[in-house]
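Letter by letter, the chains look like this.
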Amino acid sequence: MKLLKAASLICALVFCLSAGTAQAKADSVALYTEAVMTGDIPALETLLAPNYWNIAANGHIEDKEHFIQSIKSKELVVDRLTILNARTALIGGAQLVTGNGYFKGTSVPPQPEGLMRFTLVLVKNQGREQVVLFQATPVVPSTDCKDGNCKIQ
């Protein structure tokens, strides 16, 4: 009986220790939005694929180097970037994520602010998930579509 209790105690301790060190899989979209809003350059260096493209709501396109430089130099300062109602489609080894949300910030050249449709493409690169494309498209709300998420089931 003591042996059974001791074995149970050891199993419980092993379970608790392994549960305490286990980490939830980080959400790459949330990490991306947080890094952009806080200007976290080291995080962006890791999160963005080498062939990353950023297509802003004004149609301006930047590669990884120029996007990061625009954040470093404060040509792009993002106060708010939320992505809601995200939907994901797997295409080969890539994930296509689209959702709606809000953008507020300042940039050179200026960008529209407000309700947006966001699209991100994520890929696995050397064992880590990275963003290879981000695009923001302004959305005009209508009476039947206040959040820009219309007719998608």
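Right above here is the structure, for reference.
Rules used in this analysis
Here, residues in each chain are numbered from 1, in the same order as that chain's written sequence. For this predicted model, a pLDDT threshold of at least 70 governs which residues receive local features, and a threshold of 80 or more governs which side-chain atom pairs are given and counted, while totals over whole chains, interfaces and linings are taken from all residues. Calculated side-chain values reflect all of the structure's heavy atoms, with hydrogen atoms and water omitted. In DSSP terms, a helix is any run of H or I states spanning at least four residues, a strand is any run of E spanning at least two, and both are numbered starting from the N terminus. Under the scheme applied here, a residue whose accessible area is under 20% of the maximum for its type counts as buried, over 50% as exposed, and between as partly exposed, the area being computed with a 1.4 Å probe on protein chains only. Residue contacts are counted whenever heavy atoms from the two residues lie within 4.5 Å of one another. Note on areas: these come from Shrake-Rupley sampling with a 1.4 Å probe, and a residue is covered only by the protein chains present in the view. It is the directions from the helix axis to the C-beta atoms that the arc portrays. At least two bridges found by DSSP between two strands are what make those strands a pair. Simply put, an axis is a line fit to the C-alpha atoms, just over the touching stretch for a helix, and the angle between two N-to-C directions goes from 0 to 180 degrees.

> Would you mind going over the overall build of the protein with me for this structure?
Within the protein, the secondary structure is distributed over 4 helices and 6 strands. When the helices and strands of the protein are listed from N to C terminus, the series reads α-α-α-β-β-α-β-β-β-β. When the 153 residues of the protein are sorted by exposure, 33% land in the buried category. Counting only contacts in the protein whose residues sit at least 6 apart along the sequence, the fraction spanning at least 24 positions is 49%. Accessible area of the protein: about 9600 Å², with a carbon and sulfur share of 61%.

> What am I meant to see in helix H4 (residues 64-72) here?
Three or four residues apart is the spacing at which side chains of an α-helix point the same way, because the helix has 3.6 residues per turn. All of the buried residues in H4 are Lys64, Phe67, Ile68, Ser70 and Ile71. Burial along H4 is one-sided: seen end-on, the buried residues are contained in an arc of 155 degrees. If you follow the buried residues of H4, they end up packed against helix H2 (28-38), helix H3 (41-47), strand S1 (48-55), strand S2 (61-63) and strand S3 (76-91). Immediately downstream of H4, the backbone of Lys74 shows phi near 65 degrees, a positive value.

> Looking at this structure, I do not really get the sheet that holds strand S4 (residues 94-107). What am I missing?
Sheet strands associate in pairs through backbone hydrogen bonding, adopting either a parallel or an antiparallel arrangement. Reading across from one edge, S2-S1-S6-S5-S4-S3 is the order of the 6 strands in this open sheet, with mixed pairing throughout. Both outer strands of the open sheet, S2 and S3, are each paired with one neighbouring strand and no more. This sheet shows a mean twist of 20 degrees between the axes of neighbouring strands, independent of strand direction. With 13 bridges connecting them, S3 and S4 associate as antiparallel partners.

> How should the environment of Ile68 be read in this particular structure?
Turning to its location among the elements, Ile68 is positioned in helix H4. Among the residues examined, Ile68 registers a relative accessible area of 4% and is labelled buried.

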